[in-house]
Amino acid sequence: MKLLDDLKNLDRNNIGGWPKSVKNFFKVLVFVLIVLLGWWLIINPQQDTLQNLAGKEEQLKQEFSEKQAKSVNLEALQQQLDEMKDMLRQLLRQLPSKTEMPELLIDVSQTALSAGLQQDSFVPGTEVPKDFYAEKPIQLKFTGTYHQFGAFISGVASLPRVVILTMHDVSITPLNKPAAGVEPGPNQILVMQGTVKTYRYLEDSETGDSASKSKTKKPGGRK
């Protein structure tokens, strides 16, 4: 072929005198090399970026669809949330008030004594305010039998007001360790000690919630 013959007879010192076919061949070769080099250095690294962006686009579309669906029902969801908050306030208002809390503590203490428990310690702690309610920790230590503890719990549940007692770090242990091989009976003397918490609702003036004052009124009676 003429091109091959021209390539064999090239004078490297006289590039300007090369045949036109050889010059065109090297032009095409340089162009191809530039294209390949550009693809390898510029386009190829961006392929991964393009795939990542395409995946992110699908994720954003999905998130947009979900948020759009929520925004359509936003007003209804907000109304449900407000109703749930009002219901929560109504339930919390069934708890003792601030003025009723001292009487409640006396009732719990008297219930323990009525059940036959020996009250070794009953020390109310500092009140801790929460969003809509306040919790009152009580450090206590009672001594009695299993049945007496059962009568105490039943008595607290029967008080003429809503009383919630939650136990924290409470332990129940025998007063005297039974002899080896002897099973503890129902009259085994037990010691219960630890912390219980009771709760009351916060007045509107304590929470600073003026809106709830107009929405929710304190019920006249209390069970």
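This text follows the structure it describes.
Residues numbered from 1 in each chain as written. Predicted model: local features only at pLDDT ≥ 70, side-chain atom pairs only at ≥ 80, totals over all residues. Heavy atoms only, no water.

How would you summarise the overall build of the protein chain if you had to cite specific residues and measurements?
When its secondary structure is counted, the protein chain shows seven helices and five strands. Reading the protein chain from its N terminus to its C terminus gives the helix and strand order α-α-α-α-β-β-β-α-β-β-α-α. When contacts within the protein chain are restricted to residue pairs at least 6 apart in sequence, those whose partners lie at least 24 apart make up 65%. (Helix = DSSP H or I, 4+ residues; strand = E, 2+ residues; numbered from the N terminus. Contact = heavy atoms within 4.5 Å.)

Describe the nonpolar core, listing the residues and the values that go with them.
In terms of nonpolar packing, the biggest core is built from 19 residues, with Phe122, Phe142 and Phe152 touching the most fellow members. The biggest single contributor to this core is helix α4 (residues 101-114), with five residues. Every residue in contact with Phe142, bar those within four places of it in the chain, is listed here: Ala112, Leu117, Gln118, Gln119, Asp120, Ser121, Phe122, Phe149, Phe152, Leu190, Val191 and Met192. (Core = buried A, V, L, I, M, F, W, Y, C linked by side-chain atoms within 4.5 Å. Buried < 20%, exposed > 50% of the residue type's maximum accessible area, 1.4 Å probe, protein only.)

How would you summarise the pattern of salt bridges if you had to cite specific residues and measurements?
Close approach of charged atoms lets side chains of opposite charge pair. By the definition in use, this model includes three salt bridges. In this structure, the salt-bridge partner of Lys61 is Glu57, at a minimum N-O distance of 3.6 Å. Residue Lys61 and its partner Glu57 are both found in helix α2 (residues 20-72); the two are separated by four residues, about one turn of the helix. Overall, Glu57 belongs to the partly exposed group, its relative accessible area being 41%. With a shortest N-O distance of 3.3 Å, Glu135 and Lys197 are connected by a salt bridge. Of the two residues, Glu135 sits in strand β3 (residues 133-144) while Lys197 sits in strand β5 (residues 190-201), which places them 62 residues apart along the sequence. (Salt bridge = Lys/Arg side-chain N within 4 Å of Asp/Glu carboxyl O.)

Summarise the packing of aromatic side chains; cite the residues concerned and give the values.
Overall, the coordinates contain three aromatic pairs when judged by the stated rule. Summarising the aromatic geometry, the rings of Tyr133 and Tyr199 are spaced 5.8 Å apart at their centres and angled 70 degrees between planes, so their arrangement reads as edge-to-face. Remark: Tyr199 occurs in strand β5 and Tyr133 occurs in strand β3; sequence separation between them is 66 residues. Here the aromatic cluster, defined as three or more aromatic residues joined through ring pairs, consists of Phe122, Phe142 and Phe152. (Phe/Tyr/Trp six-rings, centres within 6.5 Å; stacked < 30°, edge-to-face > 60°.)

Just distances and angles here, no functional claims.
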